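# Observations on the model geometry
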2 protein chains.
Amino acid sequence: MTTQPKDTGPATDDSFHVFDTTLRDGAQREGINLTVADKLTIARHLDEFGVSFIEGGWPGANPRDTEFFSRAQQEISFQHAQLVAFGATRRPGAKAADDLQVKALLDSGAPVVTLVAKSHDRHVELALRTTLEENLEMVRDTVSHLREHGRRVFVDCEHFFDGYRANPEYAKAVVRTAADAGADVVVLCDTNGGMLPAQIQAVVATVLADTGARLGIHAQDDTGCAVANTLAAVDAGATHVQCTANGYGERVGNANLFPVVAALELKYGMRVLPDGALAEMTRISHAIAEVVNLTPSTHQPYVGVSAFAHKAGLHASAIKVDPDLYQHIDPELVGNTMRMLVSDMAGRASVELKGKELGIDLSGDRELVGRVVERVKERELKGYSYEAADASFELLLRAELRGGEEAGGAHAYFRTESWRAIVEDRPDGTHANEATVKLWVKGERIVATAEGNGPVNALDRAMRVGLERFYPPLAKLELVDYKVRILEGRHGTESTTRVLITTGDGTGEWSTVGVAENVIAASWQALEDAYTYGLLRAGVEPAE
Amino acid sequence: MTTQPKDTGPATDDSFHVFDTTLRDGAQREGINLTVADKLTIARHLDEFGVSFIEGGWPGANPRDTEFFSRAQQEISFQHAQLVAFGATRRPGAKAADDLQVKALLDSGAPVVTLVAKSHDRHVELALRTTLEENLEMVRDTVSHLREHGRRVFVDCEHFFDGYRANPEYAKAVVRTAADAGADVVVLCDTNGGMLPAQIQAVVATVLADTGARLGIHAQDDTGCAVANTLAAVDAGATHVQCTANGYGERVGNANLFPVVAALELKYGMRVLPDGALAEMTRISHAIAEVVNLTPSTHQPYVGVSAFAHKAGLHASAIKVDPDLYQHIDPELVGNTMRMLVSDMAGRASVELKGKELGIDLSGDRELVGRVVERVKERELKGYSYEAADASFELLLRAELRGGEEAGGAHAYFRTESWRAIVEDRPDGTHANEATVKLWVKGERIVATAEGNGPVNALDRAMRVGLERFYPPLAKLELVDYKVRILEGRHGTESTTRVLITTGDGTGEWSTVGVAENVIAASWQALEDAYTYGLLRAGVEPAE
C-alpha cells in the first residue's frame, strides 16, 4: 500500500534546479551525527534559503530518516523546496513492485524520489554482482514503477565519469534508459571525486549531445575542484546542481552550496534563488553549522568570518579609498561584512553600530566607545564571545555607561556570596544532583538548595528558589538552549570552558555567555547574566 | 652597496615552476603570526617537499623578514628550492637605483626577486596616484635595475584579470614591458579572487598568444575555485604556479599547494616535484600546520584526516571488494591512509574492516559481526558516537567477542561502586572541586578522594589515586583532549550529554566516549573506558 504524496509547497521555476543533499550526502561527513530534530531544523533553514529540492535521507534504510520524512511533512510548511526521498534501484533479479526498499520510498510520501543507479560497468559486476543488461532493467523497472505511482524521479548515475572513461557506451545507455523510463533529470555523479573541470565539461557536453536527456551534476571535492566542476557542468549544459551546505559530505566533502549559488547569481547573472535569499547566505551557513555542531569554517568563500577580512597594510589604505579595490563583491550581497584586522577604527565602528541596535546612543562619546572596545578585546582574549551573546554584551555596555564595574556599575539585583554543586552516582545506580546557593538580595542573606538532573540544572533551580519571592517575573524564565565549548581542548580538562545559554520568558529569548576553568563555573556566570538581563528586560528596578 | 647573491642550491629543471608563497602571502591569513624561527622551520619543510621557489617575505618593509633572509642563507642548505625576495616596483617619480625599498631587495641577498606591479589602470590612478605611462616606466626601470645586479626577476601583475577586463591593452602593455626589461616570468594575479576557471583560461591563452611572455598564475580562493583556476591557467600555457601550503592566505586564502601539485603529478602526469616527494605530502602538510599553530583542516583534499574516511555502509561493502571502487587514488601515494568509520550508517562490512584496522579478525564470524552492528546502532540512537572514539568501539567489540557485557564479557580491571563530585564557589572567591570514588579492585574496596580544577579533573585524579598502586602503567596516562556536546540542546539542561576524551601515554593516543544525563556522568563513562583501554593497551592482565 503506497501513500499518496502530499503537495509540499508552491511550484517554483523548474528550469534550473538547486538540489540540496545536506541531509543525505552531507550527513556522511565524518563527525556529523544528526538527530531527527536537527534534520528538521536544517530543512527549515534550507527552505528559507530557497533551494529547489531538499533530499532528506534514505527512508526505510535508515529509521531516523523514515521518522524525518513523516514529521517533516506534518510539521514544516515548505515555502520553496520540495522534499526528496533518496534510495536505490531495485535489487537484481526481482521486481520493483516487490522490492521493500523501493516500497519504503513510496511510503515516505515524498513527492520526488532520487534513485542511485550504477553506471560504471565494473561496479555492476563487482559491487552488484549482476549483468549489465539486468542493471539497465533495474533502472527501467524502478523508475517506471515510481512514475506509475505519481512520483517525480531523478536518477543519480553513480561513478558516471569513471564509468564513462571505462565504457562510454554503457554509461550513456544507463542515461538513456533512465530518461526513457521517465526520469526528469539524470544526474552525472563524480562519486570518487577524482575529476577536474575540463574533463567534466567535455563529458557533460558529449553526453548531452548524444542522449538529449536533461542533465544534472553531483561533484565530490577530493581534488579540491567540486565547485569548479559543478560550474563546468553548467557551462556544458547541466541544469540541475547537487550541493550541500558548507560542503559537508563523504570524505573531503561535496560541492559547497554557497559558493555554487553565489557564482551562479553574482557571476553568471542567473536567478536560482528567491529574491533576497542571497543576502541571508552568511547567516544560514552559520546557523546550519551550529545545528550540526561544527565550528563554522572561518575561511569559507563568501560566508566565512575571514572572507572579507583585510590584513595587509597596503590593502587597508586602498580600501579606505574604495573597498572594491580589494574585494571582488560587496560583502553585504551575501550577508557578510568587511573587517579590518588590527585596527581600532573597525572596533569603534562595530561597537557604535551594536549600541545603536540595542537602543543605546554612543555616537557622542568616543572615550566610552574606546573603553568598551578595550574591555571586549580583553574579554575575547580570555575566551568570551559576544557574537552569540547579545545580552551579555549589552550588560557589559550598560556597566561601562554607569562608570565601569569597578565603579559599582554592574546591575545589582542580587549578589552571589557562594554556591556549591554535588553530583553523585550511588552504589544502587541512582544519581543525585544537588546545589546550594548563598545570595544577598535587598540586604537579606538567602540560602537556597535544589535538586536537578545535572549540576547546572540544580544550580538554576536553586537560584530560582532563592530569588523568586523577591522577583516574581523570574518564574516565567526558562532555559531554552545550552551550549558548551572547550577552548584549547588540547591537554584535556585543564582548559577554558565557554558556555552559551539562551533563556526565554515567553515573549522573547536572549543569550548570555560565561567563561571559566570548568563547565559548572562557566555555566554559573552565564546563568547570573541570564537572570540579570531577564530582570532588566522585565523592567524591574535594581535593588541598589 | 648591493650584496652578491649566494648560490643557494642545485639547479632544478626550470621548465615548470612550483612557486611557494606561504611565508609571504600565506602569512597574511587572519590568525597567523610567524616568528623568524617559524619561518625557518617552514622553509625547511617546503625545501624538503621540493618546491622550486620559496618566497620568504618582504625584506626592508618587514624587519622580521630582513632577519629571515639573513638567517636562511646562513642556516639552511637548500636542496631543491631557491629563495625569493618579494617587493614592489619603485615609487613613482624616482629612480630604481635611488629607491630604498628596492635596495633592500638587493641587500637581502636573495638570488631571485618577485616585484609586484600594478596592471589595472584604476589602481594606478587611485592607489598609486600616478600616470599609466609612469607605471610602465616604474616596471621597466625596477626590473632592469635588478637584472643589472644579477638577480633573476619575476613580476606579479597585481589585479591582472580585473585590469584586463577594464583595459586589456594596458594590462598587456604591463606584461610586455616587464618581459622586455628582463623578467623571466610574468605572473598574472587574480588578486581579488573573483575569477572563475573559464575566464582565467581564456585570458591566459590570449595574453600568451599576444605577448609571447612566459606566464605564471597566482590565484586567490574567494570564489572557491583557486585550485581549478590555477590548473586552468596551466591548461592555457602557464608554466609557473604560485601557491601556499594548506591554502593559507589573505581573506579566504590562496591556491593550495597540495591539491595543485597532486593534480599536476597524478592527473596530468607531470613531474613537478622531486622523486618520492608526493608521498611525504600528508606529513608535511600537518607539520606546517603545527608550526603555524592552526588545527590541520580535517577535510583538506588528499592530506586531511577525513580525505579517505568512508562512512556509508554501501561504500564499505564495495571497498571490501576493492578500495578503488570508492577512492580516486591510492591514499598511500600522498602519504595518507584509508579509514573506515563506524557510525549508525555502518554495516557489516564497515565493522569487519574496522576490526581489521584494529587488529581483530572478524571475517569468520557473521553472527558476531551482526551483533556488533546491532549494539552500535542501539548505542548511536542513545547518543553514542563511535566515529571519534575508536577505543570505546574496540572495547565494545572485545566485549562482544567474550560473549557480550551481560555475560560478564566487559574487561574487569576494576568495578565502580559509586562516585561523587562537589563543585564550590566560596564567599572568598576561591573555588573548590573535589571528587570521591569507591572502587573494587582485585577483591579490595578502595575509597579515593582528590581535588582538581574542575569536577571532571577531580574525578580523573581520584581514579588515579585509587588505581595507580594496582596498575602502575596508569601513571603515564594524560588527558589530551576533551569535547562536550549537548544533544537536543533545546530546552536547556534537560538533555543528553556526550563527552569525547582523548588520552595519551607518551607513545600514542586513543579516544573514548561517554553519554549520560549530565556532563559529569558522561565524563565518568569516557574516563572509565579511557583507563580500561589504557590498561589493555599496556598489556595488563584483567583482574577477573
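The rules behind the values
Residues numbered from 1 in each chain as written. Chains lettered and ligands numbered in written order. Predicted model: local features only at pLDDT ≥ 70, side-chain atom pairs only at ≥ 80, totals over all residues. Heavy atoms only, no water. Helix = DSSP H or I, 4+ residues; strand = E, 2+ residues; numbered from the N terminus. Contact = heavy atoms within 4.5 Å. Areas by Shrake-Rupley, 256 points an atom, 1.4 Å probe, with all protein chains shown as cover. Buried area = accessible area lost by both parts, 1.4 Å probe. Salt bridge = Lys/Arg side-chain N within 4 Å of Asp/Glu carboxyl O. Polar contact = N/O pair within 3.5 Å; in protein donor to acceptor, adjacent residues only side chain to side chain. Pairing = 2+ DSSP bridges. Axes fitted to C-alpha atoms, helices over the stretch in contact; angles between N-to-C directions. Disulfide = S-S within 2.5 Å. Parallel < 35°, antiparallel > 145°, perpendicular 65-115°, else oblique. Left-handed = near helix turned anticlockwise from the far one by under 90°. Nonpolar A, V, L, I, M, F, W, Y, C, P; charged D, E, K, R; others polar. Core = buried A, V, L, I, M, F, W, Y, C linked by side-chain atoms within 4.5 Å. Buried < 20%, exposed > 50% of the residue type's maximum accessible area, 1.4 Å probe, protein only. Phe/Tyr/Trp six-rings, centres within 6.5 Å; stacked < 30°, edge-to-face > 60°. Lys NZ or Arg CZ within 6 Å of the ring centre and 35° of its normal. UniProt positions renumbered as here; feature names shortened; annotations may be inferred. pLDDT = per-residue confidence, 0-100.

## A look at the overall build of chain A
When its secondary structure is counted, chain A shows 17 helices and 16 strands. In terms of its C-alpha atoms, chain A occupies a principal-axis envelope of roughly 85 × 70 × 45 Å. For chain A, restricting intrachain contacts to residue pairs at least 6 apart in sequence, the fraction spanning at least 24 positions comes to 67%. Of the roughly 20,500 Å² that chain A leaves accessible, carbon and sulfur atoms contribute 50%.

## A few points about the interface of chain B and chain A
On the side of chain A, 103 residues touch chain B, which itself brings 107 residues to the contact. Of the roughly 8,700 Å² buried at the junction of chain B and chain A (both faces included), carbon and sulfur atoms supply 53%. Inspection of the chain B/chain A interface yields three salt bridges. B:Arg122 is the partner of A:Asp322 in a salt bridge, and the nearest nitrogen-oxygen pair spans 2.6 Å. Between the two partners, chain B and chain A, sit 30 residue pairs in polar contact (both at pLDDT 80 or more).

## Comments concerning the sheet that holds strand 13 (residues 444-451) of chain B
Sheet architecture is open: six strands sit in the order 13(A)-12(A)-11(A)-11(B)-12(B)-13(B), paired in antiparallel fashion. With partners counted over all chains shown, the strands left at the sheet margins are strand 13 (444-451) of chain A together with strand 13 of chain B, one partner each. The average angle at which neighbouring strand axes cross in this sheet is 10 degrees, direction not considered. As paired elements, strand 12 (residues 431-441) of chain B and strand 13 of chain B share eight bridges and run antiparallel to each other. Residue pairing across strands places B:Trp440 opposite B:Arg445, the latter belonging to strand 13 of chain B. Contacts from helix 17 (residues 519-537) of chain B reach strand 11 (415-425) of chain A together with strand 11 (415-425) and strand 12 of chain B, with the element oriented near 135 degrees to strand 11 of chain B.

## Let's talk about the state of the cysteines
Taken as a whole and judged by the stated rule, the model has zero disulfides over all chains. Here A:Cys225 stays free of any disulfide, with the sulfur of B:Cys225 as its closest cysteine sulfur at 8.2 Å.

## Description of the packing of helix 7 (residues 168-180) of chain A against helix 8 (residues 197-211) of chain A
Residues and elements named next belong to chain A. Closest axis-to-axis distance for the helix 7/helix 8 pair is 10 Å, and the angle between their directions is 55 degrees. By the angle class used here, helix 7 and helix 8 are oblique. Both helix 7 and helix 8 take part in a crossing whose hand is right-handed. From helix 7, Lys172, Val175 and Arg176 reach across to helix 8, where they touch Val207, Asp210 and Thr211. When its residues are assigned to classes, the contact of helix 7 with helix 8 shows two nonpolar, one polar and three charged.

## Re the nonpolar core
Judged by nonpolar contacts, the single largest core of 190 residues is most densely connected at A:Phe49, A:Phe160, A:Met281, B:Phe49, B:Phe160 and B:Met281. Beyond its immediate sequence surroundings of up to four residues, A:Phe160 is in contact with A:Ser119, A:Ala171, A:Lys172, A:Val175, A:Leu188, A:Cys189, A:Val203 and A:Val207. If you look at the next biggest cluster of nonpolar residues, it comprises 88 residues, including A:Leu439, B:Leu395, B:Phe414 and B:Leu527.

## Remarks on the packing of aromatic side chains
Inspection of the entire model under this criterion finds 24 aromatic pairs over all chains. Arranged with centres 5.7 Å apart and planes meeting at 85 degrees, the rings of B:Phe160 and B:Phe161 form a pair that is edge-to-face. Comparing B:Phe160 with B:Phe161 shows no difference in burial state: the two are buried. Grouped by ring-pair contacts, the aromatic residues A:Phe19, A:Phe53 and A:Phe154 constitute a single cluster. Lying across the ring of A:Phe86, A:Arg24 places its NZ or CZ 3.7 Å from the centre. Residue placement shows B:Lys39 over the ring face of B:Phe68; its charged tip is 5.8 Å from the ring centre.

## What to know about the UniProt feature "domain: Pyruvate carboxyltransferase" (unreviewed entry) in chain A
Mapped onto the present numbering, the UniProt feature "domain: Pyruvate carboxyltransferase" (unreviewed entry) falls at residues 16-282 of chain A. As annotated, residues 16-282 of chain A comprises 44% helix and 17% strand, and the C-alpha atoms at either end are separated by 23 Å.

## Section: the sheet that holds strand 3 (residues 82-88) of chain A
All names here are of chain A. Around the barrel, which closes on itself, the eight strands sit in the order 1-2-3-4-5-6-7-8 with parallel pairing between neighbours. Sheet twist, expressed as the average angle between the axes of neighbouring strands with direction ignored, equals 25 degrees. Direction of pairing for strand 3 relative to strand 4 (residues 112-118): parallel, over a ladder of five bridges. Bridging across to strand 4, Ala85 finds its partner in Val113. Relative to the sheet, helix 7 contacts strand 4, strand 5 (152-158), strand 6 (185-190) and strand 7 (215-219), its axis offset from that of strand 6 by approximately 150 degrees. In this fold helix 8 packs onto strand 6 and strand 7, with an angle of close to 155 degrees to the strand it touches most, strand 7.

## Observations concerning the pattern of salt bridges
By the definition in use, this model includes 68 salt bridges over all chains. Note that A:Glu367 is salt-bridged to A:Arg371, the shortest N-O span being 3.1 Å. Taken together, the residues span about one helical turn, with A:Glu367 and A:Arg371 both in helix 14 (residues 366-382) at a distance of four residues. The exposure class of A:Glu367 is exposed, given its relative accessible area of 53%. For A:Arg371, a relative accessible area of 29% gives the class partly exposed. Of the charged contacts, one joins A:Glu468 and A:Arg464 as a salt bridge, the two residues approaching to 3.9 Å between their closest N and O atoms. Shared partners join several salt bridges into a network, and the residues in it are B:Glu367, B:Arg371, B:Arg375, B:Glu378 and B:Glu400.

## What about the confidence of the model for chain A?
All names here are of chain A. Scored by pLDDT, chain A has a mean of 88; 90% of the residues are at 70 or more. Throughout residues 1-11 the model reports pLDDT below 50, and contacts reaching past four residues in sequence, or to other chains, amount to 28 contacts. Considering only residues more than four positions removed or in separate chains, one finds that residues 489-493, a stretch of pLDDT under 50, has 22 contacts. The ipTM value of the predicted complex is 0.80, and its pTM value is 0.78.

## Quick look at the side chain of A:Thr21
With respect to the helices and strands, the residue A:Thr21 is situated in the loop between strand 1 (17-20) and helix 1 (36-49). What A:Thr21 contacts, discounting residues up to four positions off in sequence, is A:Gly26, A:Glu55, A:His218, A:Cys243, A:Thr244 and A:Asn254.

## Structural notes on helix 9 (residues 226-235) of chain A
Owing to its 3.6 residues per turn, the α-helix aligns residues three or four sequence positions apart on the same side. With nine of its 10 residues buried, helix 9 of chain A lies for the most part within the structure. One or two residues past the end of helix 9 of chain A sits A:Gly237, with phi positive at roughly 115 degrees.

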